[in-house]
Amino acid sequence: MTSLRSSRWFDTDDLRGFGHRSRLMQMGYSREDWEGRPVIAVINTWSDINPCHAHFRQRAEDVKRGILQAGGFPIELPALSLSENFVKPTTMLYRNLLALETEELLRSHPVDGAVLMGGCDKTTPALLLGAISMDLPAIFMPAGPMLRGNLRGEVLGSGSDAWKYWDERRAGRIGLREWQAVEAGIARSHGHCMTMGTAATMTAIADALGFCLTGASSIPAADANHIRLAAECGRRAVAMVHEQLTPSRLLSRDSFSNALAVAMAMGCSTNAIIHLIAMSRRAGFPLSLDDFHLAGQRIPVLANIRPSGSTYLMEDFYYAGGLRAMMAGMGDHIAGDAMTASGRTLAEELAGAEVFLPDVIRGLDNPVSRQPAMAVLRGNLAPDGAVMKPSAADPRLLRHRGPALVFDSYAEMKARIDDPGLAVTEDTVLVMRGAGPQGGPGMPEWGMLPIPKALLARGVSDMLRISDARMSGTSYGACILHVAPEAHLGGPLALVRTGDMIAVDAHAGTLDMDVSDAELAERRQAWRPPEPHFERGYGWAFGRHVMQADKGCDFDFLETGFGRPTPEPAIL
């Protein structure tokens, strides 16, 4: 058996070892509980206000059961919950804080391996970022999607139908009673969003990277199989310690190639770009925006899940065969030699997988959309790149030219967007700035700007929208996001004026404003940087160290190449 890291705390015959052992005994444990056993941290992002993780209090007990069955010693360590719905101004402000917390929880405690419990949008990348940096054996236990929503027999999808029915209410086509019925029926169980939002995207990416028991990300949270999954994760974590299957041994260039391919085939959330870039840079296999653009051109959308798909949700995807079935049908787009948390290759894990509902999981010869899941745009408006989701946009807007209507903040946009006198047509390009990593602050999901009320009344359902914000993965429409550099730093987005002509070609990957270099130089001369949002505390540190969207919005000092590796803690 390999030497256990935790033995530094428990096996020494000195005063410090005495203190560690006696305090375990204070909690009712005996030597038989820990002696010679791998200590497994259960990193639990449960809280009373995170509906995606409402079941994690019980699932942690199921994980511990599996750890005990395999001869390990479980210790539960609570971590930031990052409830997407309630944390303001945005959970993205705190993703890196949870990543840092995860890394330091694992480093500072007497643990040999970990089960990472997450699923709500930012928890998945944050937990994986921390685990990659700490490099102890770790397995990811996904929260699982919630059950389908229901409105009088109609299936409702998280987020996507919220936007749809909110527009219906703004246009006066439904009243308060119907709106409240949507409110009561759209989220019927614990678990994360069951559309192809950021949560479903990121858990599938974790799965494709090899951090999960293959296919685990597809299991609905309310399914009894999810309970069994939790116990199996606990058992497997113990085995991974004995095998020393750390993230540095698990991950490879092929792992990230698989994650990128799966993201495209799933019709992923645009947020996948930021998180996967950050993780790849931490792991030493850096991805760039160009990698996403090329993958989008090569790999069609195969998962017929809203919003890129027209009908189905994650519950249907599971019944259709889940992620294993989809990956098994992706042919050469999947590198089968990549390692997984099971200790077996991905090809071994996919053997025998079948598609049971071929309209839900399509083949390469019958994709959901010929439009790519992701396009990267560059030009004088976004020199470092911007992103778009063509598969969820009106095709007529993928090549478009129109006059800008500029909002300097989300608050201004919200105050003006329903003004009957707003000078706007369906050809107008809505531009909002000041919502990037530093401007937001934290790059909130404000990028799906609402269609002006006057246009909704005329039946307009999509128009071109540009911002340095993110948007929810459950959103849809011709939204150009993550414009870099952001306006807060004086990026070209800060120089756009209402009336400027903006040209977009998603097929060619271009985003330009028809303004001369001389005029832009004059505007830049007049531009003044805004005041910082924070002058103390975590927010101040965030503003000083967060990188731009094209670099994954990680903190510069958390990247692997920043300084010497952090040593193990001294125990003196």
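Residues numbered from 1 in each chain as written. Predicted model: local features only at pLDDT ≥ 70, side-chain atom pairs only at ≥ 80, totals over all residues. Heavy atoms only, no water.

Caption draft 1: Here's a closer look at the pairing of strand β7 (residues 375–379). In terms of strand pairing, β7 meets strand β8 (residues 382–388) through four bridges, oriented antiparallel. The residue of β8 that forms the bridge with Leu377 is Ala386. Between β7 and β8, which follow one another and run antiparallel, lie two residues. (Pairing = 2+ DSSP bridges. Helix = DSSP H or I, 4+ residues; strand = E, 2+ residues; numbered from the N terminus.)

Caption draft 2: Structural context of a nonpolar patch on the surface. On the surface, a cluster of nonpolar side chains totalling about 310 Å² of accessible area is made up of Tyr319, Phe356 and Leu357. Tracing the backbone shows Leu357 in the loop between α17 (346–350) and β7. (Patch = residues over 30% accessible without salt bridge, like charges linked within 9 Å, V, L, I, M, F, W, Y side chains within 5 Å. Areas by Shrake-Rupley, 256 points an atom, 1.4 Å probe, with all protein chains shown as cover. Salt bridge = Lys/Arg side-chain N within 4 Å of Asp/Glu carboxyl O.)

Caption draft 3: Representation of the layout of surface pockets. In this structure, the second largest pocket spans a volume of roughly 540 Å³. Lining the second largest pocket are 26 residues, and of these Glu103, Ser133, Thr560, Pro565 and Thr566 sit closest to its centre. Contributing elements (two or more residues each) for the lining of the second largest pocket: α5 (95–108), α6 (123–134), α11 (247–250) and α13 (271–283). Counting residues per element, the lining of the second largest pocket draws most heavily on α5, at four residues. Looking at side-chain class alone, the lining of the second largest pocket contains 13 nonpolar, five polar and eight charged residues. (1 Å grid on protein atoms, 1.4 Å probe; cavity = no way out; pocket = protein on both sides within 12 Å on 5 of 7 lines; lining within 4 Å. Points joined across faces, edges and corners; volume = space filled by probe spheres on them. Nonpolar A, V, L, I, M, F, W, Y, C, P; charged D, E, K, R; others polar.)

Caption draft 4: Up close: the sheet that holds strand β1 (residues 39–44). Judged by pairing direction, the sheet is parallel, and its four strands sit side by side in the order β2-β1-β3-β4 without closing on themselves. Of all strands in the sheet, those bounded by a partner on one side alone are β2 (73–78) and β4 (138–142). For this sheet, the mean inter-axis angle between neighbouring strands, taken without regard to orientation, is 20°. For strand β3 (residues 113–118) and β4, the ladder comprises five bridges, and the chain directions are parallel. Note on β4: the bridge partner recorded for Val115 is Ile139. Against the sheet, helix α10 (residues 224–243) contacts β1, β3 and β4, and its axis sits at roughly 175° relative to β4. (Axes fitted to C-alpha atoms, helices over the stretch in contact; angles between N-to-C directions. Contact = heavy atoms within 4.5 Å.)

Caption draft 5: Region of interest: unusual backbone geometry. With omega at 10°, the peptide bond leading from Arg306 into Pro307 counts as cis. Here Pro307 shows up in the loop between α14 (289–298) and α15 (314–319). With an omega dihedral of 0°, the bond running from Ala484 to Pro485 counts as a cis peptide bond. Summarising the element assignment, Pro485 is placed in the loop between β12 (479–481) and β13 (501–505). In this model, Gln244 sits at a positive phi of 50°, which is unusual for a non-glycine residue. Of note, Gln244 is situated in the loop between α10 and α11. Note on Gln244: relative accessible area 32%, which makes it partly exposed. The phi dihedral of Met443 is positive, around 60°, even though this residue is not glycine. (Buried < 20%, exposed > 50% of the residue type's maximum accessible area, 1.4 Å probe, protein only.)

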